[in-house]
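Chain residues, written in single-letter form:
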Amino acid sequence: MNVKKILSEMTLEEKAGLCSGSDFWHTKAIERLGVPEVMVSDGPHGLRSQDQNLDNPGINDSIKAVCFPASCAMAASFDRKLIYEMGEAIGDECQHENISTILGPAVNIKRSPLCGRNFEYFSEDPYLATEMATNHIKGVQSKNIGTSMKHFLANNQEHRRMSTSSEIDERTLREIYLAAFEGAVKNAKPWTIMCSYNGINGTLASENKKYLTDILRGEWGFDGYVMSDWGAVNDRIKGIEAGLDLEMPGSNGVNDSRIVRAVKEGILDEKIVDQAAERILNIIYRYIKNRQPDTKWDMEAHHELARKIEGECMVLLKNEGILPLKKGSRIAFIGEFAGIPRYQGGGSSYVNSFKIVSAMSAADGIADITYAQGYGNNEDIINEELISKACEVAKSAEVAVIFAGLPDSFESEGYDRIHMSIPNCQNELIKRIAKIQPNTVIVLHNGSPIEMPWAEDVKGILEAYLGGQAVGEACVDVLFGDVNPSGKLPETFPRKLQDSPSYLYYGGEGDKSEYREGVFVGYRYYDKKDMDVLFPFGYGLSYTTFNYSNLKLSSKEIKDTDILTVSVDVTNTGDKEGKEIVELYVGEKESNIIRPLKELRGFEKVSLKPGEMKTVTFILTKRAFSYYNTEIKDWYAESGDYQILIGKSSRDIVLNESIYVEASRKLPFKLTVNTTFGDLLERPEAVEELKSFIDLVKVSMGEQTKGKDQEKSVAISDDMNIAMLKYMPIRGILSFGDGSITYDKLTAMLDDINKKLY
Ligand code: BGC
């Protein structure tokens, strides 16, 4: 299909019309030219495809589909292949259902445990989010279905999400909030991007040229189209000029006419409309050309895939010899979630699951299961009757498994959580059961960290997150040992909300949300503060044990342009087959920059039989050592010593090695009268040039600090002298010297050196 030709035949009205949807989910057809309408649909972890009663908050029904584990769970798998497989499955479903593009993945960073939409996001860490998003996109797009990576950019709270502006400094944006978008755009080339509702530093995302065009296209090479989040358009003319190609869901033609008028009045260049229409046409035809309407998909097979995936996502947080449970034993399943699991979050990602399997029904026939409701999910009321029944059931069983977590009303798209607790009625139930049943295990259904005041009182804790429609089966698989848990936390669980890095500023004031914690998000903050946490980033247990040895670096010293290969041997030292996630962090030993102690730069998941050893290899490039330098507007790895840290979690570093990295580029530098002597002395080339001047300074300053009577001068040692001099600007010589140097002489001398050296 010749898109350029179609474009040349389109009227201005048709081009403007193509730049907004015909309804909630379709682009506009242009029958005259044979341009078909195509459908887009939510996403991210299953289809929410509506054929009638269209809406976007997920209130009306959509077609029956499969709900896979939400991204909060998916990320805990740390498994690139698995999320790719989910992407392929969703891609097939889209082909079958005539959906051209699925709206996801959502890659916003989990800045605070409070964000109502954390369950749809991957992690507090941009590298993990990048890897998961990349493979999600590649999986879907391998089936010739588009993805729409969202919400670009800095949509990290639901509170006032359509009006708030995220106020973030450039380095933090680059290192934390842009990074996952950058990585996935470069690695996986999503067909489309969805801009967010919020503003960034005072300009709405939907009108933000810096991000939608300069960075997204100019720097990262994005070649698809940008669509608005549903209703994110404010000023359509500013939007299209900034690079917002498609408005969704459309404005009943109002904004199309505005675009036409702006072109006719000479306010808007028609070329910009052409460009947006061409980008949209390109993606429409990329899909149309590769249509596979005969694609079949098997609901049951996808359900089984959802079960397999969730089995890999669950994180075993505590196990004092209680798990796996014995098949055939007497087990009490307690809590409403045992019978009606919470397996997905509310809002636009809500999938109409064709079936949902609870732990109760999955455990049928596996053990002698008794049940008590324990609490109700509709109201947070401590119900003595429910609790005492639950206690009776728990007492008469060998083990009590309590299914707990966040009810729908506590966590959803559209609003934030107001605290980090699960309902009181659940906490009370757990406390009371743990008192009378020493063998108590908690299974958690939540999309974000919670406080666990009972963590010390129970023998086992299994984090199932929002695990998709097969969560009940997956829980039973893990609880009874058919699946060995292998997930690790994609986020830190702080002990209490007040400990979290953005606690003081989260939500912001009015329509301004300042990200004052900067790059110190998640473990970057807790580590630097050496703070005790409930469960650290990257933490998770297994039914077997692993030993790490033989950490090897391909070199002890590299230039920042080189590649470093790191390898480590991992052995399964237990008696069960299992999977281990090996984490690699990099930290700079001493830095001139305020940086996190370490950052995740690699991970691999390996499967090992008992006694088996495998060598895991990582490739590191400059970026792994770099921070974003705002002066040169680029990534920069300082010359110096770095540590390569191999961990079972971010707080359990088992091996480490040093590497010296040499920067191939010098940061811009100029000597001025305000340069300190300390900074000057660190530049041997300048010291060489300024030898006699420095000698003069030493003598003059020495006189000053020693005082007139040298014999009595014991108060200031030479070391102190040098230390004081370190922070003295060069112009200090004018005030404290012997008068032989004037301001003009000094600036002339520095100008000469700058010309010669810098
Ligand atoms: C959400 C998006 C979603 C869109 C369409 C918006 O409210 O923020 O994530 O894709 O609706 O349902």
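Throughout, a residue's number is its position along its own chain's written sequence, starting from 1. Where totals are concerned, whole chains, interfaces and linings use all residues; where local detail is concerned, this predicted model gives features only for residues with pLDDT of at least 70, and gives and counts side-chain atom pairs only at 80 or more. By convention in this description, side-chain values take in all heavy atoms of the structure and omit both hydrogens and water.

Novice: Looking at this structure, I do not really get the overall build of the chain. What am I missing?
Specialist: Secondary structure counts use DSSP, requiring at least four H or I residues in a row for a helix and at least two E residues in a row for a strand, with both numbered from the N terminus. Across its full length, the chain holds 24 helices and 27 strands. Every radius of gyration here is taken over C-alpha atoms, with the globule rule written as 2.2 Å times N^0.38, N being the number of residues. At 30 Å, the chain has a C-alpha radius of gyration in line with the 27 Å of a compact globule built from 758 residues. Taken along its principal axes, the extent of the C-alpha atoms in the chain is 95 × 75 × 50 Å. Nonlocal contacts in the chain, meaning residues at least 24 apart in sequence, comprise 76% of its contacts between residues at least 6 apart. Within this scheme the basic residues Lys and Arg register as positive and the acidic residues Asp and Glu register as negative, but His and the chain ends are omitted. Here the site of a charge means atom NZ of a Lys, CZ of an Arg, CG of an Asp or CD of a Glu. Computing the positive centroid from 89 side-chain charges and the negative centroid from 113, the chain places the two 2 Å apart. Whether two residues are in contact is decided by their heavy atoms: any pair within 4.5 Å suffices.

Novice: Looking at this structure, how should I read empty space enclosed by the protein?
Specialist: It is the rolling of a water-molecule-sized probe over the atoms that shows where space remains empty. Only protein atoms enter the 1 Å grid used here. Points where a 1.4 Å probe fits but cannot escape make up a cavity, open sets with protein on both sides within 12 Å along at least five of seven lines make up a pocket, and a residue lines them when an atom lies within 4 Å of a point. Grid points are joined across faces, edges and corners, and a volume is the space filled by probe spheres set on the points. Taken as a whole and assessed by the stated rule, the structure comprises 5 cavities of 30 Å³ or more. Looking at the largest cavity, its volume works out to about 100 Å³. Residues are grouped as follows: Ala, Val, Leu, Ile, Met, Phe, Trp, Tyr, Cys and Pro are nonpolar; Asp, Glu, Lys and Arg are charged; all remaining types, including Gly, are polar. Looking at the lining of the largest cavity, its residues break down into 6 nonpolar, 5 polar and 4 charged.

Novice: Explain the packing of aromatic side chains here, please?
Specialist: The description of two aromatic rings rests on the distance between their centres and on the angle between their planes. Working definition: rings of Phe, Tyr and Trp (its six-membered ring) pair if their centres are within 6.5 Å, and the pair is stacked with planes under 30 degrees apart, edge-to-face with planes over 60 apart, and tilted otherwise. Applying the stated criterion across every chain, the model contains 19 aromatic pairs. Between Tyr177 and Tyr515, the aromatic rings sit 5.1 Å apart at their centres with planes inclined by 80 degrees, giving edge-to-face as the arrangement. With Tyr177 in helix α6 (residues 170-177) and Tyr515 in the loop between β17 (512-514) and α18 (523-528), this pair connects stretches of sequence that are 338 residues apart. Like Tyr515, Tyr177 is buried. Ring pairs connect the aromatic residues Phe78, Tyr127, Tyr523, Phe537, Tyr585 and Phe603, which therefore count as one cluster. One residue, Lys598, lies across the ring of Tyr585, its end atom 5.6 Å from the ring centre. Placement of a positive charge over a ring is assigned whenever Lys NZ or Arg CZ falls within 6 Å of the ring centre and within 35 degrees of the normal to the ring plane. In this structure, Arg683 is placed above the aromatic ring of Phe669, and the distance from its NZ or CZ to the ring centre is 3.6 Å. Think of it in three bands: residues with accessible area under 20% of the maximum for their type are buried, residues over 50% are exposed, and the middle band is partly exposed, with areas taken using a 1.4 Å probe on protein chains only.

Novice: Would you mind going over the sheet that holds strand β3 (residues 101-103) with me for this structure?
Specialist: What holds strands together in a sheet is hydrogen bonding between their backbones, with the strands either parallel or antiparallel. For two strands to pair, DSSP has to find at least two bridges joining them. Judged by pairing direction, the sheet is parallel, and its 5 strands sit side by side in the order β1-β3-β4-β6-β9 without closing on themselves. Pairing within the sheet leaves two strands with one partner each, and these edge strands are β1 (40-42) and β9 (225-228). Across the sheet, the mean angle separating the axes of adjacent strands is 30 degrees when strand polarity is ignored. Sheet analysis places strand β6 (residues 192-195) next to β9, joined by 4 bridges and oriented parallel. Among the inter-strand pairings, Ile193 is bridged to a residue of β9, identified as Val226. To obtain each axis, a line is fitted to C-alpha atoms, and for helices this fit is confined to the stretch in contact; angles are then taken between N-to-C directions over 0 to 180 degrees.

Novice: Is there a simple way to think about the pattern of salt bridges in this case?
Specialist: Close approach of charged atoms allows side chains of opposite charge to pair. Between Lys or Arg on one side and Asp or Glu on the other, a salt bridge is scored when a side-chain nitrogen of the former is within 4 Å of a carboxyl oxygen of the latter. On inspection of all chains with the given rule, the structure shows 59 salt bridges. Between Asp42 and Arg48 there is a salt bridge, with its nearest N and O atoms 2.9 Å apart. In this pair, the class of Asp42 matches that of Arg48, namely buried. For Glu604, the salt bridge is made with Arg80, and the minimal N-O distance between the two is 3.5 Å.

Novice: Honestly, helix α11 (residues 270-289) in this entry has me stumped. Any pointers?
Specialist: The periodicity of an α-helix, 3.6 residues per turn, causes residues three or four positions apart to be oriented the same way. Taking 1.5 Å of rise per residue, the 20 residues of α11 would be expected to cover 28 Å, and the 28 Å separating its terminal C-alpha atoms lies within 8% of that figure. Among the residues of α11, Val273, Ala276, Ala277, Glu278, Arg279, Ile280, Leu281, Ile283, Ile284, Tyr285 and Tyr287 are the ones counted as buried. Any pair of nitrogen or oxygen atoms within 3.5 Å is treated as a polar contact; in protein, a donor-acceptor pairing is required on top of that, and neighbouring residues in sequence qualify only through side-chain atoms on both sides. One side-chain oxygen at the N-terminal end of α11 lies 3.0 Å from the backbone nitrogen of Lys271; it belongs to Asp269. One fewer than the residue count of a helix, multiplied by 1.5 Å, yields its expected span.

Novice: Even after reading the chapter, I still don't get the side chain of Glu463, so can you show me in this structure?
Specialist: Looking at where Glu463 falls in the secondary structure, it is placed in strand β16 (residues 460-463). Here Glu463 is buried and forms no salt bridge, its nearest opposite-charge partner Arg342 lying at an N-O distance of 9.0 Å. A polar atom in the side chain of Glu463 sits 2.8 Å from the backbone nitrogen of Tyr465. Sequence-distant contacts of Glu463, defined by excluding residues within four places in its chain, comprise Met314, Val315, Leu317, Leu444, Asn446 and Phe493.

Novice: Explanation requested: the layout of surface pockets in the structure shown.
Specialist: Volume-wise, the largest pocket comes out at about 970 Å³. If you go around the largest pocket, you meet 27 residues; those closest to its centre are Asn592, Glu638, Leu667, Glu682 and Arg683. Contributing elements (two or more residues each) for the lining of the largest pocket: β24 (627-629), α19 (677-681) and α20 (684-689). Looking at side-chain class alone, the lining of the largest pocket contains 9 nonpolar, 6 polar and 12 charged residues. If you go around the second largest pocket, you meet 28 residues; those closest to its centre are Tyr127, Glu131, Arg601, Arg623 and Ala624. When contributions to the lining of the second largest pocket are tallied by element, the ones reaching two or more residues are α5 (126-141), α6, α7 (179-188), β22 (599-608) and β23 (613-620). The biggest single contributor to the lining of the second largest pocket is β22, with 6 residues. Residues of the lining of the second largest pocket, tallied by class, amount to 10 nonpolar, 7 polar and 11 charged.

Novice: Help me understand the environment of Phe669, please; the structure alone is not making it clear to me.
Specialist: With respect to the helices and strands, the residue Phe669 is situated in the loop between β27 (652-662) and α19. Spatially, the C-alpha atom of Phe669 lies 9.5 Å from that of Leu757, the residues being 88 residues apart in sequence. Apart from the residues lying within four places of it in its own chain, the contact partners of Phe669 are Thr675, Arg683 and Tyr758.

Novice: I keep staring at unusual backbone geometry and nothing clicks. Help me out?
Specialist: Negative phi is the rule for most residues except glycine; trans is the rule for most peptide bonds. Between Gly43 and Pro44 the backbone carries a cis peptide bond, its omega angle lying at -5 degrees. Checked against the element boundaries, Pro44 lands in the loop between β1 and β2 (64-65). Here the phi dihedral of Arg160 falls at roughly 50 degrees; this positive angle occurs in a residue that is not glycine. Position of Arg160 among the secondary structure elements: in the loop between β4 (146-152) and β5 (165-167). Positive phi is not limited to glycine here, since Lys633 has a value of about 55 degrees. Summarising the element assignment, Lys633 is placed in the loop between β24 and β25 (634-636). Lys633 sits in the exposed class, given a relative accessible area of 63%.

Novice: Looking at this structure, how should I read the side chain of Asn118?
Specialist: You can see Asn118 is positioned in the loop between β3 and α5. Polar contacts involving the side chain of Asn118 include one to the main-chain carbonyl oxygen of Pro113, which spans 3.5 Å. Once residues lying within four places of it in the same chain are set aside, the contact partners of Asn118 are Cys72, Lys110, Ser112, Pro113, Gly447 and Ser448.

Novice: Quick question: what am I supposed to make of the nonpolar core here?
Specialist: Burial of nonpolar side chains together is a common tendency in soluble globular proteins. Residues enter a nonpolar core if they are buried and are Ala, Val, Leu, Ile, Met, Phe, Trp, Tyr or Cys, with the set joined through side-chain atoms within 4.5 Å. Ranked by internal contacts, the top residues of the largest apolar core, which has 190 residues, are Phe152, Leu153, Phe333, Ile334, Val401, Met452 and Leu479. Considering every element that reaches this core, the biggest residue donor is α11, with 9 residues. Beyond its immediate chain neighbours, meaning those up to four positions away, Phe152 contacts Leu178, Phe181, Ile193, Met194, Cys195, Ser196, Ala205, Tyr211, Leu212, Leu216 and Trp220. Of all hydrophobic cores here, the second largest spans 26 residues; its members include Leu564, Val566, Leu655 and Ile659.

Novice: What's the story with the sheet that holds strand β8 (residues 203-204) in this structure? I'm lost.
Specialist: Read from one edge of the open sheet, 4 strands run β8-β7-β5-β17, paired in mixed fashion. Single-partner strands in this sheet number two, and they are β8 and β17. Direction of pairing for strand β7 (residues 199-200) relative to β8: antiparallel, over a ladder of 2 bridges. Of the residues in β8, the one forming a bridge with Ile200 is Thr203.

Novice: Explain the pairing of β22 here, please?
Specialist: Remark: a regular strand shows side chains that alternate across the two faces of the sheet. Counting buried residues along β22, 8 of its 10 residues qualify, which places the element largely inside the surrounding structure. Two strands pair when backbone bridges link them, and strand β21 (residues 578-588) and β22 are joined in this way by 9 bridges, in the antiparallel orientation. Its bridge partner lying in β22, Val582 is registered against Glu604.

Novice: Looking at this structure, how should I read the pairing of β4?
Specialist: Here β4 lies mainly inside the structure; 7 of its 7 residues are buried. When β3 meets β4, the two strands line up parallel, connected through 2 bridges. Bridging from a neighbouring strand, Ile102 pairs with Thr147 of β4. Direction of pairing for β4 relative to β6: parallel, over a ladder of 3 bridges. Bridge pairing links Phe152 to Cys195 in β6.

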